[in-house]
Amino acid sequence: LCGKWGSGKTSILNMVVKYIDEDQTMNQADKPIIIHFNPWNYSDRSQLITQFFQVIISKIDSVPNENTRLKIAKALKNYALIFEYTEYIPAVGKILKPLLGLAKGIGEQLSELYESKNSLENQKEQVVNALEAIKQKFLIIIDDIDRLNNKQIKLIFQLVNSIAGFPNMIYLLSFDREIVVRALSEEQNCDGNEYLEKIIQVPFEVPEPNFSLIQNIFITKINNIFKEVPFNENEYFYNIFQNCISPFITSIRDANRIINVFNFKYDYLKDEVNGIDLLAITTLQIC
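None of these values were measured; they are calculated from a predicted model.

(A) The arrangement of the packing of helix H9 (residues 211-225) against helix H11 (residues 252-269) in detail. Contact pair H9 / H11: the axes reach a minimum separation of 10 Å and the direction vectors enclose 15°. Considering the angle they form, H9 stands roughly parallel to H11. Judged by the sense of rotation from one axis to the other, the crossing of H9 with H11 is right-handed. Residue-level contacts link Ile214, Ile217, Phe218, Lys221, Ile222 and Ile225 of H9 to Ile252, Ala255, Asn256, Ile258, Ile259, Phe262, Asn263 and Tyr266 of H11. The residue makeup of the contact of H9 with H11, split by class, is eleven nonpolar, two polar and one charged.

Right, dumping it as structure tokens:
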């Protein structure tokens, strides 16, 4: 799901989840287990990888069969352990990344996995076999990827690409295409668009809202605050709006930010100030 900041991507994701939850035509067993992963909560590569798999494993509890549940969780944990200490390079393959000061317990566990021929690919096969035993689908939603730094953006797509072959797992990714393409181009030293096309199967572009529609929504919300005298019937408001407010409202997010701050201020200043002036000053302050 691609769109500029403030274009409504998160709102669309929320509507998707609501639609799935409230769909009465779908059997409960057919509804996917929805997993929200927030990558911006984690500061480094290790944290991001660990938490990514932990979030998925925590949702495995929804699988009814206990033996199957335990089998999937174990396979995912082993896969996550190997992946975390592996540098994944799509153009070259997978190369074990040497780490100094590796915790003794983790080092021994990794050693056991490799000695038993559980390489990344072999362990991935174990996860695939475990997931094929269930019919339940998993919908993994990752929003605001464009807010990450370049290295984190690269890692998110490496994570998705590395487990894209897992059965019953669907990814719904949300980002500003221009920002992500630039980040991937710089990090991968390649064409970021081509890199995305190899991973994203079904792209959706959020259409930009009509400019006059955004302004009408803004004025409607302002009138809801001033129920006694609608602002748009005031000539002074019209002049201030055209010159000091309208030029700064380019998205629904802009409109909402201004309205929220103004509503908070006006609630306790309305008896002391000119409301139209306060709205203009608030707009300039924010934008």
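(B) Broad picture of the packing of aromatic side chains. Summed over the entire model, instances satisfying the criterion amount to nine aromatic pairs. Taking 5.6 Å as the distance between ring centres and 80° as the angle between the ring planes, the aromatic pair formed by Phe264 and Tyr268 counts as edge-to-face. With a gap of four residues between them, Phe264 and Tyr268 both fall in helix H11, about one helical turn apart. The exposed category is assigned to Phe264, whose relative accessible area is 58%. A network of ring pairs unites the aromatic residues Phe37, Phe52 and Phe53 as a single cluster.

(C) Quick look at the side chain of Asp176. Looking at where Asp176 falls in the secondary structure, it is placed in the loop between strand E5 (169-173) and helix H7 (177-188). As a buried residue without a salt bridge, Asp176 has its nearest oppositely charged side chain in Lys4, at a separation of 4.1 Å. Within the local environment of Asp176, its side chain forms a polar contact with the backbone nitrogen of Glu178, the two atoms lying 3.0 Å apart. In contact with Asp176, other than residues within four places in its own chain, are Gly3, Lys4, Trp5, Lys9 and Asp146.

Calculation rules
Residues numbered from 1 in each chain as written. Predicted model: local features only at pLDDT ≥ 70, side-chain atom pairs only at ≥ 80, totals over all residues. Heavy atoms only, no water. Axes fitted to C-alpha atoms, helices over the stretch in contact; angles between N-to-C directions. Helix = DSSP H or I, 4+ residues; strand = E, 2+ residues; numbered from the N terminus. Parallel < 35°, antiparallel > 145°, perpendicular 65-115°, else oblique. Left-handed = near helix turned anticlockwise from the far one by under 90°. Contact = heavy atoms within 4.5 Å. Nonpolar A, V, L, I, M, F, W, Y, C, P; charged D, E, K, R; others polar. Phe/Tyr/Trp six-rings, centres within 6.5 Å; stacked < 30°, edge-to-face > 60°. Buried < 20%, exposed > 50% of the residue type's maximum accessible area, 1.4 Å probe, protein only. Lys, Arg positive; Asp, Glu negative; His and termini not counted. Salt bridge = Lys/Arg side-chain N within 4 Å of Asp/Glu carboxyl O. Polar contact = N/O pair within 3.5 Å; in protein donor to acceptor, adjacent residues only side chain to side chain.

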